[in-house]
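Descriptive analysis of the structure
Each chain, letter by letter, is given below.
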Amino acid sequence: MVEMIKVILGNLFSKPATRGYPLVKREAFNRARGQLRADLNNCSYCTLCQKKCPSACINVNKATKSWELDAFACVICGICAEVCPRMCLSMDGEYRQPVYTK
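1. Quick look at a nonpolar patch on the surface
Together, Met1, Met4, Ile5, Ile8, Leu9, Leu12 and Phe13 line one region of the surface with nonpolar side chains, adding up to about 820 Å² of accessible area. With respect to the element layout, Leu12 can be found in helix H1 (residues 2-12). Judged by relative accessible area, which is 59%, Leu12 ranks as exposed.

Structure, rendered in structure tokens:
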């Protein structure tokens, strides 16, 4: 019983073991990929990103000049950003924010 009280008091007066996530965010690790960013103003719609994507989550339509990414299918490998000749795709260290509604 005495040992348990020591543990309780130790936990009560010590710093918490976890961080309060929504308010306190952890910095991204070095070389963290995060999420895919696209600058479509610079895109030539060459479809290289679509061809090289292992999860087939990118759909490029040359005729309508549209570009679509299925974020839930993306495995965040970064191959599309490496292959892009105009460098309009990039991976940043920020992770996608949680969504509370569909």
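Having seen the structure, we can now continue with the description.
2. What about the layout of surface pockets?
In this structure, the largest pocket spans a volume of roughly 340 Å³. In this structure, the largest pocket is lined by 13 residues; those nearest its centre are Tyr21, Lys25, Arg26, Glu27 and Tyr95. Of the residues contributing to the lining of the largest pocket, the split by class is five nonpolar, two polar and six charged.

3. Some words on the environment of Lys62
Structurally, Lys62 can be placed in the loop between strand E2 (58-61) and strand E3 (66-69). Overall, the relative accessible area of 51% leaves Lys62 in the exposed class. Along the chain, Lys62 and Ser44 lie 18 residues apart, while their C-alpha atoms are 8.7 Å from each other. Residues in contact with Lys62, not counting those within four places in the same chain, are Tyr45, Cys46 and Thr47.

4. What to know about the pattern of salt bridges
The tally for this structure, following the rule as stated, stands at one salt bridge. One salt bridge in this structure joins Asp92 and Arg37, with 2.7 Å as the shortest N-O distance. Of this pair, Asp92 sits in strand E4 (residues 89-92) while Arg37 sits in strand E1 (residues 35-38), and the two are 55 residues apart along the sequence.

5. Here we look at empty space enclosed by the protein
Tallied over the full model, the rule gives two cavities of 30 Å³ or more. By volume, the largest cavity is sized at about 80 Å³. Lining the largest cavity are 13 residues, and of these Cys43, Cys46, Cys49, Cys84 and Cys88 lie nearest its centre. Looking at side-chain class alone, the lining of the largest cavity contains ten nonpolar, two polar and one charged residues. Roughly 50 Å³ of volume is contained in the second largest cavity. Every residue along the wall of the second largest cavity is listed here: Leu36, Cys53, Cys57, Ile58, Cys74, Ile76, Cys77, Gly78, Cys80 and Met91.

6. A closer look at the side chain of Gln35
Mapped onto the elements, Gln35 comes out in strand E1. Relative accessible area serves as the criterion here: at 16%, Gln35 is assigned to the buried category. Once residues within four sequence positions are removed from consideration, Gln35 is found in contact with Ser90, Met91, Asp92, Glu94, Tyr95 and Arg96.

Definitions and cut-offs
- Residues numbered from 1 in each chain as written.
- Predicted model: local features only at pLDDT ≥ 70, side-chain atom pairs only at ≥ 80, totals over all residues.
- Heavy atoms only, no water.
- Patch = residues over 30% accessible without salt bridge, like charges linked within 9 Å, V, L, I, M, F, W, Y side chains within 5 Å.
- Areas by Shrake-Rupley, 256 points an atom, 1.4 Å probe, with all protein chains shown as cover.
- Salt bridge = Lys/Arg side-chain N within 4 Å of Asp/Glu carboxyl O.
- Helix = DSSP H or I, 4+ residues; strand = E, 2+ residues; numbered from the N terminus.
- Buried < 20%, exposed > 50% of the residue type's maximum accessible area, 1.4 Å probe, protein only.
- 1 Å grid on protein atoms, 1.4 Å probe; cavity = no way out; pocket = protein on both sides within 12 Å on 5 of 7 lines; lining within 4 Å.
- Points joined across faces, edges and corners; volume = space filled by probe spheres on them.
- Nonpolar A, V, L, I, M, F, W, Y, C, P; charged D, E, K, R; others polar.
- Contact = heavy atoms within 4.5 Å.

Shape is all these values report; function is a separate question.
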